[in-house]
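Tertiary structure, described
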Amino acid sequence: MRLARWIVLCAAVAAALAGCGERFRGETIVAGEPSGPVQGPGIPGFEPVTQGERLGMPRSVAMGRIGTGENAVYVMKRVDAPKDQPLLIWMHGYGTNSVGSQEKWLTHMTRKATVVFPAYTKPPYPVGPRFGQIAWPILARSLRQALPRLQYDPQKVIVGGYSLGGALANDYALGWRAEGLPKPYGLYAVFSGRALKKGAVYLPRQRGSISPDTEVVEVASVYDLLAGTREASFMMAKAPKSAPRKLIIIRQFAYGDHFAPTRTGLAEQRRFWVPLDRLIDRVSARADENT
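Structural notes on helix α7 (residues 266-289)
With 24 residues, α7 should reach 34 Å at 1.5 Å per residue; the first-to-last C-alpha distance of 32 Å fits that figure. Approximately 40 degrees is the largest bend angle found in α7, and it occurs at Trp273, with the proline Pro275 only one to four residues beyond. Looking at α7, one finds that the buried residues are Ala267, Glu268, Phe272, Trp273, Pro275, Leu276, Asp277, Leu279, Ile280, Val283, Ser284 and Ala287. The elements touched by buried residues of α7 are β5 (87-91), α3 (103-109), β7 (157-162), β8 (186-190), β11 (215-221) and β12 (245-250).

Topic: the confidence of the model for the protein
Residue-level pLDDT values for the protein average 89, and 88% of them are 70 or greater. Scored below 50 in pLDDT, residues 1-26 shows 38 contacts in the model against residues more than four places distant or in partner chains.

Focus on unusual backbone geometry
In most cases, non-glycine residues show a negative phi, while peptide bonds are predominantly trans. Residue Pro124 is reached from Pro123 by a cis peptide bond, and omega for that bond is -5 degrees. Following the sequence through the fold, Pro124 ends up in the loop between β6 (114-118) and α4 (129-146). Positive phi values are uncommon outside glycine, yet Leu55 reaches one of about 50 degrees. Relative to the helices and strands, Leu55 resides in the loop between α2 (51-54) and β3 (61-66). With phi around 50 degrees, Phe191 is a residue other than glycine that occupies positive phi space. On the secondary structure map, Phe191 appears in the loop between β8 and β9 (195-196).

Side note on the pattern of salt bridges
Tallying each qualifying case throughout the model produces 13 salt bridges. The residue Lys183 makes a salt bridge to Asp213 at a minimum N-O spacing of 2.8 Å. Here Lys183 is found in the loop between α5 (164-179) and β8, whereas its partner Asp213 is found in the loop between β10 (201-202) and β11, with 30 residues between them in sequence. Exposure remark for Asp213: the relative accessible area of 40% places this residue in the partly exposed category. For Asp257, the salt bridge is made with Arg263, and the minimal N-O distance between the two is 2.8 Å. Beyond isolated ion pairs, a larger network of salt bridges with shared partners links Asp171, Arg194, Arg205 and Glu231.

What counts, and at which threshold
- Residues numbered from 1 in each chain as written.
- Predicted model: local features only at pLDDT ≥ 70, side-chain atom pairs only at ≥ 80, totals over all residues.
- Heavy atoms only, no water.
- Helix = DSSP H or I, 4+ residues; strand = E, 2+ residues; numbered from the N terminus.
- Expected span 1.5 Å × (residues − 1).
- Bend = angle between axes of the 7 residues up to and from the residue.
- Buried < 20%, exposed > 50% of the residue type's maximum accessible area, 1.4 Å probe, protein only.
- Contact = heavy atoms within 4.5 Å.
- pLDDT = per-residue confidence, 0-100.
- Salt bridge = Lys/Arg side-chain N within 4 Å of Asp/Glu carboxyl O.

Below, the structure is given as structure tokens:
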């Protein structure tokens, strides 16, 4: 059993560290670099995106970008989205800097919120201490450049992410004050983790405290051999006792591996998409009550 687990772990780590290399007609997609003609509706105040950057996002979703490479930030919203919809800052996992393979969930997110999607890295993806040194500073700086261009209700800001992106979302909830970023009123981290393969990739934790106004939802799995439950448990302990918080532990083996949240079946949607939808609804409802 121990040998079988090690084989699965090595295969999963290899897939993660290989980067989910998104490609467009044989070309590696790098945020803000040419990859086909400009396609689809844009967003005022942001640069248009190319077909390679849009990939499988439908034309019902408008997209724009500010910055290039690791400094790029994408914005996605429905073309008919209401002006007062919530703002969701979503952090992707390690080994990517584009929407590739994430289009279905991102498209679903735009039903509830305007999605801000920072690239924060570019290929070749850094490993070891270098990743931890640059990821958070780049992320915070790029968000400070992008967010002032958007009109949004500051009480309807939610931050979330998957895998290393979940750890970055947790860092946002801890470090937003020091970085001059908007307060998050919701935090959603799914299968979050700070390290891969004994430090081959490691993200140091940011200092700070979670606001009592931030509702925390952490999702982890006992079968996640890459991230485990440690990061989620830490954040639950870090959250103020007065803050609404919930820890969801996935105990079904079929939906517990690290890459389960990237799948798009109905069962995965119920376990990973629906909790985020409900969090966005609750944050939005509380904000409306306060106005």
